[in-house]
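# Chain and residue survey
Each chain, letter by letter, is given below.
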Amino acid sequence: MKIIRILIAAGILLAGTSIFASGAEDVQKQIDDIKGVLPKIAIPMREVGDRFQNMYFAAEKKNWGLAYYMSKYMFGAMKPASLTKPKEYPGWKAFYDEKFTPVNKAIEAEDFAAFEKAYTAVIKSCNECHVDSGYKFVKVVKMSTPADNGIDYTVPSKASDVPQ
Ligand code: HEC
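In this text, all values refer to a predicted model and were calculated from it rather than measured experimentally.

### What about the pattern of salt bridges?
Within the structure shown, the criterion is met by four salt bridges. In this structure, Arg 51 and Glu 47 form a salt bridge, with 2.9 Å as the shortest nitrogen-oxygen distance. Here Glu 47 and Arg 51 lie together in helix 2 (residues 42-60), a separation of four residues that amounts to about one turn. For Arg 51, a relative accessible area of 18% corresponds to the buried category. Here Glu 47 falls in the partly exposed class, since its relative accessible area comes to 34%. Across the salt bridge formed by Asp 97 and Lys 93, the nearest N and O atoms sit 2.6 Å from each other.

### Remarks on the layout of surface pockets
As a volume, the largest pocket reaches approximately 790 Å³. Lining the largest pocket are 26 residues, with Ile 41, Met 45, Cys 129, His 130 and Ser 133 positioned closest to its centre. If you list the elements that add at least two residues to the lining of the largest pocket, you get helix 2, helix 5 (89-99) and helix 7 (112-132). Its residues assigned to classes, the lining of the largest pocket shows 15 nonpolar, five polar and six charged. Lining the second largest pocket, in full, are Met 45, Arg 46, Gly 49, Asp 50, Gln 53, Val 140, Val 141 and Met 143. Of the residues belonging to the lining of the second largest pocket, the class tally is four nonpolar, two polar and two charged.

### Remarks on the coordination of the iron atom of the ligand
Around the iron atom of the ligand, the donor atoms from the protein are Met 45 (SD) and His 130 (NE2), and they sit 2.0 to 2.5 Å away. Coordination geometry of the iron atom of the ligand: the six donor atoms subtend angles of 84 to 179° at the metal centre, consistent with an arrangement described as octahedral. Taken as a pair, Met 45 in helix 2 and His 130 in helix 7 lie far apart in primary sequence, 85 residues in all. Using a relative accessible area of 14% as the deciding quantity, one classes His 130 as buried.

### Some points on the environment of Tyr 153
Structurally, the position occupied by Tyr 153 is in the segment after helix 7. Distance in space between the C-alpha atoms of Tyr 153 and Asn 54 is 8.6 Å, their sequence separation being 99 residues. Of the polar contacts made by the side chain of Tyr 153, one reaches the side chain of Asn 54; its length is 3.3 Å. At 2.6 Å, the side chain of Tyr 153 forms a polar contact with the backbone oxygen of Asp 148.

### Regarding the nonpolar core
With 31 residues, the main nonpolar core has Phe 52, Met 55, Met 74, Phe 100, Val 103, Ile 107 and Phe 115 as its most contacted residues. For this core, the secondary structure elements donating two or more residues are helix 2, helix 3 (64-76), helix 5, helix 6 (101-109) and helix 7. Here the element with the most residues in this core is helix 2; it accounts for seven residues. In contact with Phe 115, not counting residues within four places along its chain, are Met 55, Tyr 56, Ala 59, Val 103, Ala 106 and Ile 107.

### Some details on the side chain of Ser 71
Along the polypeptide, Ser 71 turns up in helix 3. Ignoring any residue separated from it by four or fewer positions in sequence, one finds Ser 71 in contact with Met 55, Tyr 96, Phe 100, Asn 104 and Ile 107.

### A look at helix 2
Between its first and last C-alpha, helix 2 extends 28 Å over 19 residues, near the 27 Å set by a 1.5 Å rise per residue. Of the residues making up helix 2, those classed as buried are Pro 44, Val 48, Arg 51, Phe 52, Gln 53, Asn 54, Met 55, Tyr 56, Phe 57, Ala 58 and Ala 59. At its buried positions, helix 2 is contacted by helix 3, helix 5, helix 6 and helix 7. One or two steps after helix 2, the chain reaches Lys 62, where phi turns positive at roughly 70°.

Definitions and cut-offs
- Residues numbered from 1 in each chain as written.
- Predicted model: local features only at pLDDT ≥ 70, side-chain atom pairs only at ≥ 80, totals over all residues.
- Heavy atoms only, no water.
- Salt bridge = Lys/Arg side-chain N within 4 Å of Asp/Glu carboxyl O.
- Helix = DSSP H or I, 4+ residues; strand = E, 2+ residues; numbered from the N terminus.
- Buried < 20%, exposed > 50% of the residue type's maximum accessible area, 1.4 Å probe, protein only.
- 1 Å grid on protein atoms, 1.4 Å probe; cavity = no way out; pocket = protein on both sides within 12 Å on 5 of 7 lines; lining within 4 Å.
- Points joined across faces, edges and corners; volume = space filled by probe spheres on them.
- Nonpolar A, V, L, I, M, F, W, Y, C, P; charged D, E, K, R; others polar.
- Donors = N, O, S within 2.8 Å, 3.2 Å for Na, K, Ca; no water.
- Tetrahedral: all angles 85-135°; square planar, octahedral: opposite > 155°, others 65-115°.
- Polar contact = N/O pair within 3.5 Å; in protein donor to acceptor, adjacent residues only side chain to side chain.
- Core = buried A, V, L, I, M, F, W, Y, C linked by side-chain atoms within 4.5 Å.
- Contact = heavy atoms within 4.5 Å.
- Expected span 1.5 Å × (residues − 1).

And the structure:
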């Protein structure tokens, strides 16, 4: 029994040595390689675009929970950029915390007239950031149908139905 314990201990020691032997530089390179293949802005922005479009139809049909959910995960979709684009991410967070607030307030208040007004206004802010970032040719327009048709937009619900 004792010999097995000694062998295990030796094994752990050897494994540990080989990790250290690979060196901090090597570990850093592996981290950089992983970061390099994580999404930056374009990929999550596609999700932002879809969730933003879907939100409108959810609000229009009084599925306020779905509208709120779309807003929440529209914001969350950009999370990888906090790591891969740390200089650009604060601009997105500020946009959501400030410019997007009237949309969220209208969803919480279940007020479609206010929602439509805030939603239309915020499209301008989406596009302002595109212009400022050098992407003036990416111009968001409101679609006439949702981006995803596989959801029932008419389920009655409220913002507070969305799990925390
Ligand atoms: C903080 C700046 C910023 C804000 C705010 C912003 N975007 Fe973007 N968006 C970008 C950038 C930058 C790109 C170009 C992609 C890249 O740089 O990798 C982009 C690209 C896009 C694309 C094209 C994605 C593709 O490759 O197909 C869509 C769609 C989009 N944004 C939708 C929106 C919508 C909708 C909003 C508002 C709710 C919004 N964006 C707000 C910065 C922003």
